[in-house]
Amino acid sequence: MSSNLENLYRQVIMDHYKNPRNKGLVTDTNYLTSRLNNPSCGDDLTVQVLIENDMIIDVKHEGTGCSICCSSASVMSENLKGKTLEEVRKISQNFYDMLMGSEEFNEDMDMGDAIAYVGVKNFPARIKCATLSYKAIEKLLNENTK
Ligand code: ZN
């Protein structure tokens, strides 16, 4: 990866870290809530989603952690809003595949700002930071949908 691209990706990540989208939880009981932590780094994240007709209408997140984890939750909230549950599962899987350096990774899928985390695959200890918000959504969907 060129250093220009690395710089751009770093800027995207820092922007989401400093100006997180959809941050802050709501008290609306129609939202489903899930909390996960990543003991190896100290990340602690809570996500909320509002689902209607198998589509994610809204996403919220709140927590403490490293820049990778917190910024990734912001990117995730933008990426998954307005997506069907099936699309959410596909996007999440593609994000995992990208970070694991898997051959299954589909470069043609629109990942939004999540593509900025491609370099994290070179830092295996940080993969859990980047995926924590997606894992929290996955847990929430597994517990609440068929
Ligand atoms: Zn972390």
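Quick note: structure is the one above.
Conventions we followed
Residues numbered from 1 in each chain as written. Predicted model: local features only at pLDDT ≥ 70, side-chain atom pairs only at ≥ 80, totals over all residues. Heavy atoms only, no water. Pairing = 2+ DSSP bridges. Helix = DSSP H or I, 4+ residues; strand = E, 2+ residues; numbered from the N terminus. Axes fitted to C-alpha atoms, helices over the stretch in contact; angles between N-to-C directions. Patch = residues over 30% accessible without salt bridge, like charges linked within 9 Å, V, L, I, M, F, W, Y side chains within 5 Å. Areas by Shrake-Rupley, 256 points an atom, 1.4 Å probe, with all protein chains shown as cover. Salt bridge = Lys/Arg side-chain N within 4 Å of Asp/Glu carboxyl O. Buried < 20%, exposed > 50% of the residue type's maximum accessible area, 1.4 Å probe, protein only. Contact = heavy atoms within 4.5 Å. Donors = N, O, S within 2.8 Å, 3.2 Å for Na, K, Ca; no water. Expected span 1.5 Å × (residues − 1). Bend = angle between axes of the 7 residues up to and from the residue. 1 Å grid on protein atoms, 1.4 Å probe; cavity = no way out; pocket = protein on both sides within 12 Å on 5 of 7 lines; lining within 4 Å. Points joined across faces, edges and corners; volume = space filled by probe spheres on them. Nonpolar A, V, L, I, M, F, W, Y, C, P; charged D, E, K, R; others polar. Parallel < 35°, antiparallel > 145°, perpendicular 65-115°, else oblique. Left-handed = near helix turned anticlockwise from the far one by under 90°.

Participant: Could you give an account of the sheet that holds strand β3 (residues 55–64), naming the residues involved and the relevant values?
Facilitator: Read from one edge of the open sheet, three strands run β1-β2-β3, paired in antiparallel fashion. Among the strands making up the open sheet, the edge pair consists of β1 (32–38) and β3. Adjacent strand axes in the sheet meet at a mean angle of 20 degrees when their direction is disregarded. Sheet topology places β1 next to strand β2 (residues 43–52); seven bridges connect them, and they run antiparallel.

Participant: Can you break down a nonpolar patch on the surface residue by residue, with the values?
Facilitator: A grouping of Met-1, Leu-5 and Leu-8 is seen on the molecular surface, where their side chains present a nonpolar patch of about 270 Å² in accessible area. Its location among the elements puts Met-1 in the segment before α1 (3–18). For Met-1, a relative accessible area of 53% gives the class exposed.

Participant: Provide a residue-level description of the environment of Ser-67, including the pertinent values.
Facilitator: By the element assignment, Ser-67 lies in helix α2 (residues 67–80). The exposure class assigned to Ser-67 is partly exposed, which follows from its relative accessible area of 24%. Sequence separation of Ser-67 and Thr-131 is 64 residues, and the distance between their C-alpha atoms is 13 Å. Setting aside its immediate chain neighbours within four residues, Ser-67 contacts Ile-13, Tyr-17 and Ser-72.

Participant: Let's hear about the side chain of Ser-77: which residues, and what values?
Facilitator: Tracing the chain through its elements places Ser-77 in helix α2. Not counting residues within four places of it along the chain, the set of residues in contact with Ser-77 comprises Arg-21, Asn-22, Val-59 and His-61.

Participant: Help me get a handle on the coordination of the zinc ion, residues and values and all.
Facilitator: Looking at the metal site, the zinc ion is ligated by Cys-41 (SG), Asp-43 (OD), Asp-43 (OD), Cys-66 (SG) and Cys-129 (SG), spaced 2.2 to 2.7 Å from it. Donor residues binding the zinc ion come from one chain and are separated in sequence as C-x1-D-x22-C-x62-C. Remark: Cys-66 occurs in the loop between β3 and α2 and Cys-41 occurs in the loop between β1 and β2; sequence separation between them is 25 residues. Judged by its relative accessible area of 34%, Cys-41 is partly exposed.

Participant: Run through helix α4 (residues 124–144), naming residues and quoting values.
Facilitator: Spanning 21 residues, α4 covers 30 Å between terminal C-alpha atoms, matching the ideal 30 Å at 1.5 Å per step. At Leu-132, α4 shows its largest kink, close to 50 degrees. For α4, the full list of buried residues reads Ile-127, Cys-129, Ala-130, Thr-131, Leu-132, Ser-133, Tyr-134, Ala-136, Ile-137, Leu-140 and Leu-141. For α4, the elements touching its buried residues are β1, β2, α2 and α3 (85–100).

Participant: So, the layout of surface pockets: which residues are in play, and what are the values?
Facilitator: Counted as a void, the largest pocket has a volume near 330 Å³. What lines the largest pocket is a set of 14 residues, and nearest its centre among them are Arg-10, Ile-13, Gly-119, Val-120 and Phe-123. Every element with two or more residues in the lining of the largest pocket is listed here: α1 and α2. When residues in the lining of the largest pocket are grouped by element, the largest group, five residues, is from α1. Looking at side-chain class alone, the lining of the largest pocket contains eight nonpolar, three polar and three charged residues.

Participant: Tell me about the packing of α3 against α4, and name the residues and values.
Facilitator: Relative placement of two packed helices is described by the angle separating their axes and the distance separating the axes. For the pair α3 and α4, interaxial distance at closest approach is 11 Å and the crossing angle is 155 degrees. Taken together, the axis directions place α3 and α4 in an arrangement best described as roughly antiparallel. Considering only the axes of α3 and α4, their crossing is left-handed. Side by side, α3 and α4 meet where Leu-85, Val-88, Arg-89, Ser-92, Phe-95, Tyr-96, Leu-99 and Met-100 of the first sit next to Ile-127, Ala-130, Thr-131, Tyr-134, Lys-135, Ile-137, Glu-138, Leu-141 and Asn-142 of the second. Taken together, the residues of the contact of α3 with α4 break down into 11 nonpolar, three polar and three charged.

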